[in-house]
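Given next are the chains, with one letter for each unit.
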Amino acid sequence: MNFLKKVLGSSPKQELVCIPSGRLYLARSQNSVKGYSECIFKDAVAVIRRTTTDFHFQLVIQRAYEEGEEQLEDDDDEEPLDEYTFLLDEALHLRLSKSVENQTIFSWKDLSGDPGDIFEFICDDSTSVVLVKDFMQIAIQCQYERKYNKSSKLASNDDLAEFVFDDEEISSPLLSASASPVGLMLSETTTRGSEIIDAKKAPSIEEHSFSGLPEGYTVKEVLGTVKAELNVFDATSGVFMLQDDDVKATIKDLGNWNYWLDIEGSSHHWLGSIIAAEINPVFNFEHLSFIFNYFADDGSAASWLLHFENADALETFQELLMRALWETLNQQSWFKTNKEDQDYVLEAFNDITMTDADEEPDEEEEAFEDANDDVRKEAELYDNDEEYDDELGNSAFSGEGKNSQLAVGYKHDRSFVVRGNKIGVFTHTPANTLEFSTTIENLKTPSGKNLSPSKVMLHAEDSTMILQSPSNKNSLYSMDLEYGKIVDEWKVHDDVPVTAFTPSKKFSQMTGEQTFVGMSDNSLFRIDPRLAGNKLVDSEFQKYATKNAFSAISTTDKGYLAVASAKGDIRLYDRLGIRAKTAIPALGEPIIGLDVSADGKWILATCKTYLLLIDATIKNGKNAGTLGFEKSFSKDSKPRPKCLQLSPEHVAQMQAETKQPLAFTQGHFNTGLGSKETTIVSSSGPYVITWNLKQVLKGDKTSYTIKRYGDKIAADNFKFGSDKNVIVALPDDVGMVNKRSFRKPTRESIATPVKAFRS
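The shown structure was predicted, so the numbers you read here are calculated from the model rather than taken from an experiment.

*Asks:* Looking at this structure, how should I read the overall build of the protein?
*Replies:* When its secondary structure is counted, the protein shows 11 helices and 42 strands. Buried positions account for 57% of the 759 residues belonging to the protein. Pairs at least 24 apart in sequence give 58% of the contacts found in the protein among residues at least 6 apart. About 32700 Å² of surface is accessible on the protein, with carbon and sulfur atoms providing 46% of the total.

Printed below as a string of structure tokens:
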């Protein structure tokens, strides 16, 4: 089956376009005794949806709940109205305007209300101009198709112009007389999509100058060229600005697995860039666009957008660029991989939902509601208190070195922070803050050598901490936390260095379980401290003949194992000592961290420039409904990945602020006994980032929030049992923050750091 057909497959209620965030108002006539306006939904999603009747479409406004809000609403006696549906017809007089506050507003008549009443959907400030224009363009096409009962593909601009309405019959108190309609430039062929900005005059931006090929490189081969429009993101206005409506985007082979992206207009050479993971590629087939970052030698960054004429052109360019990127990262030919693995790579970077091709039941969505009422009530103790950013945090834990690692307690409300050869102990307070308790000073091995641990793990009901010395990979050390002393050295094996270790099961550290799981570059094994001599269990030792470069490991609550490598692939096991049940192909970047949901359904892999979310459930065939840990996926049924990326324009703004490239720390799900994973947390530089898992699965690419600090984040993780409270370790500070203090990424939230944590 054609790859695009699988991704863009239709259904009776297919969503054509979606604006993921805004507010819905009912604006009444100024003569109405009911008042001026009423806020219907303070947080809403606008969707244009196909119906089961040919040439009929709906404008749907859905209420978007805050996390936990939906469950609280369900407790009310009265059933809330969560959706307003309007048949897209010219009678609505749907129009697009800008308010005096520069808000983007869709307005339409309330045909069932009083004369003069209108609905208004006010888009969130983060909504791109590209999306707004495409939404309006599609709405116009839908109205044309309903009226004439035929496709709009062959409709001319003049044909569609009758559905572009002015202000005469719509008046709103939210729009003053000085508010202006947004010009909609219908494209020459309506299937092409909307322009990036009003084509009257594209505002000029600072001129960019680009050098040619890097010194020492020559072009060996031209892989292909595709025509497109070129746009650049203007941080001041927050929109992509059209720079050239006719450019050629060319992929060139420079030899030795190096590739070059060259963009040239008829009279101007715009840019050239080595193709690497740092360009942060995002493909959007809904808007026929490709967005990427360009980094200048001085550290400055710009976010560029190529807009293609049709899906075929974008698909051709995607295959060219992803082949070049994959070969750069893997140092081998793209054509040596099979078609299924190629589709896996291409699909990961598409801006699509994880359930487009497979209509999953509603129960899947319900599984991602808030963890439990107890956590919610606990968080409410300080949900509305955001003044703590001005107060000092835990500066009592200081001295030589910098904070480097974080271990969060499961059994007891404590967290541990590694700083050189000492460990700070912090208590979780009822008000959801961290309170400094004590410092375990001068860590030494049983033989008296100083120890600055490179890895730590809580163990045996949080009574023990397992530590590793960077200079002795064949042994681990056991520290009694009650006495604050390293009491034993465990020699794992003379010839097997330990590169990572993890609990035998997801929640083993809450129990008295003594064994745990370790790995080397090319082997997996169980470690049992109770054994005499070497602690490696020979009967549960799986060694590979080739060097697999294993880099990360994680377990489920049943003890299933996910193992990732620096090559970027992931293996799934139901137990130690056997071959993997499933091998998930590599996208190219090394995997530096791994987490798995307690039930094994979701795998979260962290790479330098993105996080990878994978559904481990087998969807079809004889093993449908089981996990890839238990049975193998069929050849044509590999799991569909979702690449969690920051939008290129946000990355460009972050790099402009920090002068540092994107580099994620290990991502984590929230976790707790009996609770569901609802949120993901990671960080890059001074930014802590959280993703709403439910919104991610719906395909909302803007479902992340950020919080910026004044220094680089050393480590972060959720408090155990909570999806609201994040523990953050800075180089010289430690604190717990509530997720509600995070903000959507804007120029202000990206540029403005908070001062410190409250104590």
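Having seen the structure, we can now continue with the description.
*Asks:* Any chance you could explain the sheet that holds strand β31 (residues 582-584) here in plain terms?
*Replies:* One key point about sheets: their strands pair by backbone hydrogen bonds, in either a parallel or an antiparallel sense. In spatial order, the strands read β28-β29-β30-β31; together these four strands make up an open sheet with antiparallel pairing. The strands lining the two open edges of the sheet, one partner per strand, are β28 (550-555) and β31. Within the sheet, the average angular offset between the axes of one strand and its neighbour, ignoring direction, is 20°.

*Asks:* How do you make sense of a nonpolar patch on the surface when you look at a structure like this?
*Replies:* A surface patch of nonpolar side chains, amounting to about 290 Å² of accessible area, comprises Leu213, Tyr217, Val219 and Val222. Its location among the elements puts leucine 213 in the loop between β8 (180-181) and β9 (221-234). Leucine 213 gets classed as partly exposed once you look at its relative accessible area, which sits at 32%.

*Asks:* Would you take a moment to explain the pattern of salt bridges for this structure?
*Replies:* Here the idea is simple: oppositely charged side chains can pair when their charged atoms come close. Using the criterion set out here, one finds 22 salt bridges in the structure. Among the ionic pairs, aspartate 574 bridges to lysine 581, the shortest N-O distance being 3.6 Å. Exposure remark for lysine 581: the relative accessible area of 24% places this residue in the partly exposed category. Two residues, aspartate 723 and lysine 724, come together in a salt bridge whose shortest N-O distance is 3.3 Å. With respect to class, aspartate 723 is no different from lysine 724; both count as buried.

*Asks:* Looking at this structure, I do not really get the side chain of threonine 104. What am I missing?
*Replies:* As for its position among the elements, threonine 104 is in strand β6 (residues 104-109). Of note is the side chain of threonine 104, whose polar atom sits 2.9 Å from the side chain of lysine 98. Beyond its immediate sequence surroundings of up to four residues, threonine 104 is in contact with Leu96, Ser97, Lys98, Phe121, Ile122, Cys123 and Val132.

*Asks:* What should I look at first to understand the sheet that holds strand β36 (residues 668-669) in this one?
*Replies:* Across the sheet, which stays open at both edges, the four strands sit in the order β36-β37-β38-β39 with antiparallel pairing between neighbours. Edge positions in the sheet fall to β36 and β39 (704-708), since each of these pairs with one other strand and no more. Across five bridges, strand β38 (residues 687-692) lies against β39 in antiparallel orientation. By the bridge assignment for β39, isoleucine 689 is matched with isoleucine 706. Helix α9 (residues 648-658) rests against β38 and β39 of the sheet, and its axis sits at about 5° to β39.

*Asks:* Sorry, what's going on with the nonpolar core here?
*Replies:* In a soluble, globular protein the nonpolar side chains are often hidden away together inside. Formed by 59 residues in total, the largest nonpolar core has its most connected members in Ile263, Leu306, Phe317, Leu321 and Ile570. Counting residues in each nonpolar core, the second largest holds 35 residues, with Phe41, Leu59, Leu131 and Leu160 among its members.

*Asks:* It is not clear to me how the packing of aromatic side chains should be interpreted in this structure. Could you clarify?
*Replies:* To describe a pair of aromatic rings, you give the distance between the ring centres and the angle between the ring planes. Inspection of every chain in the model, using the stated rule, returns 26 aromatic pairs. A ring pair is formed by tyrosine 544 and phenylalanine 550, whose centres lie 5.8 Å apart and whose planes are at 80°; its orientation type is edge-to-face. Here tyrosine 544 and phenylalanine 550 have matching classes, each one buried. An aromatic cluster is built from Phe41, Tyr84, Phe86, Trp108 and Phe119, whose rings are joined through pairwise contacts.

The rules behind the values
Residues numbered from 1 in each chain as written. Predicted model: local features only at pLDDT ≥ 70, side-chain atom pairs only at ≥ 80, totals over all residues. Heavy atoms only, no water. Helix = DSSP H or I, 4+ residues; strand = E, 2+ residues; numbered from the N terminus. Buried < 20%, exposed > 50% of the residue type's maximum accessible area, 1.4 Å probe, protein only. Contact = heavy atoms within 4.5 Å. Areas by Shrake-Rupley, 256 points an atom, 1.4 Å probe, with all protein chains shown as cover. Pairing = 2+ DSSP bridges. Axes fitted to C-alpha atoms, helices over the stretch in contact; angles between N-to-C directions. Patch = residues over 30% accessible without salt bridge, like charges linked within 9 Å, V, L, I, M, F, W, Y side chains within 5 Å. Salt bridge = Lys/Arg side-chain N within 4 Å of Asp/Glu carboxyl O. Polar contact = N/O pair within 3.5 Å; in protein donor to acceptor, adjacent residues only side chain to side chain. Core = buried A, V, L, I, M, F, W, Y, C linked by side-chain atoms within 4.5 Å. Phe/Tyr/Trp six-rings, centres within 6.5 Å; stacked < 30°, edge-to-face > 60°.

In short, geometric facts, not functional conclusions.
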